[in-house]
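Coordinate analysis (summary)
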Amino acid sequence: MSEQKSSTMQRLLLLIPMVLAFGLGLFLYQGLGKDPNKLESSLLGQQLPVFIGESLNAPIKAIATDDILGTPSLINVWATWCPTCKAEHAFLNQLVASEGVRIIGVNYHDQREPAQQWLAKLGDPYEFSIYDPKGQLGIELGVVGAPETYLVGADGIIVDKITGELNERTWAQLKPQYDELMAQAN
Amino acid sequence: MHTYLKALLTAITLVLSSGVMAAIETYQFATPEMAERFADLTVELRCPKCQNQNLSDSDSIISKDLRRQVKTMVDAGKSDDEIRTFMVQRYGDFILYDPPFKAQTLVLWLAPGVLVVIGLLVVVKVRRSKPAAPVALNEEEQAQLDELIKQKKENP
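Residues numbered from 1 in each chain as written. Chains lettered and ligands numbered in written order. Predicted model: local features only at pLDDT ≥ 70, side-chain atom pairs only at ≥ 80, totals over all residues. Heavy atoms only, no water.

When you go through chain A residue by residue, the secondary structure sums to five helices and seven strands. Secondary structure elements of chain A, listed N to C terminal, follow the sequence α-β-β-β-α-β-α-β-α-β-β-α. Over its C-alpha atoms chain A spans a radius of gyration of 24 Å, topping by over 25% the 16 Å that the globule rule assigns to 186 residues. The C-alpha extent of chain A, read off along each of the three principal axes, is 95 × 40 × 30 Å. Nonlocal contacts in chain A, meaning residues at least 24 apart in sequence, comprise 70% of its contacts between residues at least 6 apart. About 10,300 Å² of surface is accessible on chain A, with carbon and sulfur atoms providing 60% of the total. Each charge class in chain A was averaged separately, 13 positive and 21 negative side chains, and the resulting centres sit 8 Å apart. (Helix = DSSP H or I, 4+ residues; strand = E, 2+ residues; numbered from the N terminus. Rg over C-alpha atoms; globule rule 2.2 N^0.38 Å. Contact = heavy atoms within 4.5 Å. Areas by Shrake-Rupley, 256 points an atom, 1.4 Å probe, with all protein chains shown as cover. Lys, Arg positive; Asp, Glu negative; His and termini not counted. Charge placed at Lys NZ, Arg CZ, Asp CG, Glu CD.)

Next comes the structure, spelled out in structure tokens:
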């Protein structure tokens, strides 16, 4: 009887490595779908950094954090050297035209003339663009590369961030939060 | 085959090393101590755009910007911790090659230890469970065995 019992125990012990291997498999599997380029930003939930910059378009004037506050907005980091920015540009135009979303541009590591020409040619969805040729505002915002889009409340709290292209799919992530911010603001 | 492989490896190494060299600007520091802190920090901080390169190795725009930022902060007399905090606030723990111990990094820190302990337990277990000692034969069985051996010897 006791022999039988210990052999059952032995068999149960054999199950342990199996369970462990299965657990490890699950753990690794759920890691597979993760985008390694996606970083958690500690700025989410925080106030926009205080900065002073200049506008991309003439007349060139100083722009500060206060100019962004007051209305829920998207802050879109873009550059003429960035192919994905070109890909999302039409969608940005459409967002402004159809939903009246306020978008503010950060022209990141770019040159003024080509950037102005780009907006003249492809349309300008931005209420204004901040000219950031050295990426200094980019560092303050925690920008890793273009394009990136931040959703900011009227009070200047950064609510969410999309790394990469803004399109139907990624806008679907921001839209409910945007609608809520708009409802709060009104 | 061997020479071919060697040539290939040499070529790859050369290509990689030239990339590393290209990433380094020459920054001037007021004191050698500041230069050393800059060198240490840019090795310790990870490029947020790349998967496995530190700031000093990477050629990406963001790494260049962050090297400039580290330089500015070192010049401004900020401490190493202040610089680290500045980076983590913007880029998360990802930017640290030496992440802090907290709930989200628990698995990262504990998994190796747990795995070693499990491994040791298995080794101990396997070593202990020696094969059962051979059971002594009784007289009858011994006689049978002798008989069998004898037969085998006579009739190989």
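Moving on from the model shown.
Attention shifts here to a nonpolar patch on the surface. Residues L24(A), F27(A), L28(A), F101(B), L106(B), V107(B), L108(B), W109(B), L110(B) and V114(B) make up a contiguous nonpolar surface patch of about 970 Å² in total accessible area. Listing elements by their share of the nonpolar patch, those giving two or more residues are helix 1 (2-32) of chain A together with helix 5 (106-128) of chain B. When residues of the nonpolar patch are assigned to their parent elements, the largest contribution, six residues, is made by helix 5 of chain B. For L106(B), the location among the structural elements is in helix 5. (Patch = residues over 30% accessible without salt bridge, like charges linked within 9 Å, V, L, I, M, F, W, Y side chains within 5 Å. Salt bridge = Lys/Arg side-chain N within 4 Å of Asp/Glu carboxyl O.)

Note: interface size is frequently given as the accessible area lost on complex formation between the parts. Facing 20 residues of chain B, the contacting portion of chain A comprises 23 residues. For the pair chain B and chain A, the summed buried area comes to about 1,700 Å², and 54% of that belongs to carbon and sulfur atoms. When the buried surface of chain B facing chain A is broken down by residue, R68(B), R90(B) and Y91(B) rank first, second and third, together holding 29% of it. Counting across the chain B and chain A interface gives one salt bridge. The partner of E140(A) in a salt bridge is R90(B), with the nearest N and O atoms 2.9 Å apart. (Buried area = accessible area lost by both parts, 1.4 Å probe.)

On domain assignment, one finds that chain A holds domain 1 (1-34) and domain 2 (52-185). Spacing between the C-alpha centres of domain 1 of chain A and domain 2 of chain A amounts to 51 Å. (Domains from an automatic or database assignment.)

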